[in-house]
Amino acid sequence: SYFAEAQNDAEVREALQCAQQLGVPLLVIGGGSNLLFTRDYPGTVLRVALRGIRVLADDGKHMLVEAAAGENWHAFVRQTLELGAFGLENLSLIPGTVGAAPMQNVGAYGVEIKDVFAGLTALDRQTGELRDFTLEDCAFAYRDSLFKREQGRWLILRVRFALRQAGS
């Protein structure tokens, strides 16, 4: 019935409030590549389109990189390689967005998100509060995480990765 595209935290909150005020369910999507609608959705579809990639720390051996949830996953992996930051290259070509990757602890060729994970920021859809998650908080397992088990509660906004640089 409704569609919203959020490009920042405030727009995410606004979409959540609108859906609540309308009394309709909310379906949060990233790129939508794994969805097939067979009929109209009876609520609000929120596409998380937050963008941005930042280097938070760089000591010459390790790099802490943060990406917004709406960034295309494969493009993000390529950009980390262009920055000279390694650790995600086995996870290239996985469809989806950065925000979706921690949901199921994506992995390939012996590497999983948990192996390079340095934290994330998510919005609690029940309280409206922002929360930073550590590796332990996420309870990653094979293709699983807290976010998958508590589906519908957390909306991932930004994810941080601890990557190594050449020669380290």
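Everything that follows concerns the structure shown earlier in this document.
Residues numbered from 1 in each chain as written. Predicted model: local features only at pLDDT ≥ 70, side-chain atom pairs only at ≥ 80, totals over all residues. Heavy atoms only, no water.

Trainee: Describe the overall build of the protein, with residues and values.
Mentor: Along its length, the protein carries four helices and eleven strands. Here the protein has a C-alpha radius of gyration of 16 Å; the compact-globule value for 168 residues is 15 Å, and the two agree. In terms of principal-axis extent, the alpha carbons of the protein reach across some 55 × 30 × 25 Å. Out of the 168 residues belonging to the protein, those deemed buried represent 40%. When contacts within the protein are restricted to residue pairs at least 6 apart in sequence, those whose partners lie at least 24 apart make up 58%. With the model as given, the accessible surface of the protein reaches about 9,000 Å², and the carbon-plus-sulfur share is 49%. Between the mean site of the 17 positive side-chain charges and the mean site of the 20 negative ones, the protein shows a separation of 3 Å. (Helix = DSSP H or I, 4+ residues; strand = E, 2+ residues; numbered from the N terminus. Rg over C-alpha atoms; globule rule 2.2 N^0.38 Å. Buried < 20%, exposed > 50% of the residue type's maximum accessible area, 1.4 Å probe, protein only. Contact = heavy atoms within 4.5 Å. Areas by Shrake-Rupley, 256 points an atom, 1.4 Å probe, with all protein chains shown as cover. Lys, Arg positive; Asp, Glu negative; His and termini not counted. Charge placed at Lys NZ, Arg CZ, Asp CG, Glu CD.)

Trainee: Describe the side chain of Thr97, and please don't skip the residues or the numbers.
Mentor: Of note, Thr97 is situated in the loop between strand E6 (85-86) and strand E7 (107-108). Setting aside chain neighbours within four positions, we find Thr97 in contact with Gly30, Gly31, Ala69, Gly70, Glu71 and Trp73.

Trainee: Explain the pattern of salt bridges to me, and be specific about the residues and the numbers.
Mentor: The tally for this structure, following the rule as stated, stands at 13 salt bridges. Between Glu112 and Lys114 there is a salt bridge whose closest N-O contact spans 3.6 Å. Glu112 sits in the buried class, given a relative accessible area of 14%. A single salt-bridge network, built from bridges that share partners, covers Arg54, Glu66, Asp132 and Arg160. (Salt bridge = Lys/Arg side-chain N within 4 Å of Asp/Glu carboxyl O.)

Trainee: Any chance you could break down unusual backbone geometry for me, citing the residues and the numbers?
Mentor: Positive phi outside glycine occurs at Leu93, with the angle close to 70°. Although it is not a glycine, Asn105 adopts a positive phi angle of roughly 50°. By secondary structure assignment, the location of Asn105 is in the loop between E6 and E7.

Trainee: Residues and numbers for the side chain of Glu66, please.
Mentor: Relative to the helices and strands, Glu66 is located in strand E5 (residues 62-68). Residue Glu66 is classed as buried on the basis of its relative accessible area of 7%. Reaching out from Glu66, the side chain makes a polar contact with the side chain of Arg160 at a distance of 3.1 Å. Residues within four places of Glu66 in sequence aside, it is in contact with Gly52, Ile53, Arg54, Leu56, Arg158, Val159 and Arg160. (Polar contact = N/O pair within 3.5 Å; in protein donor to acceptor, adjacent residues only side chain to side chain.)

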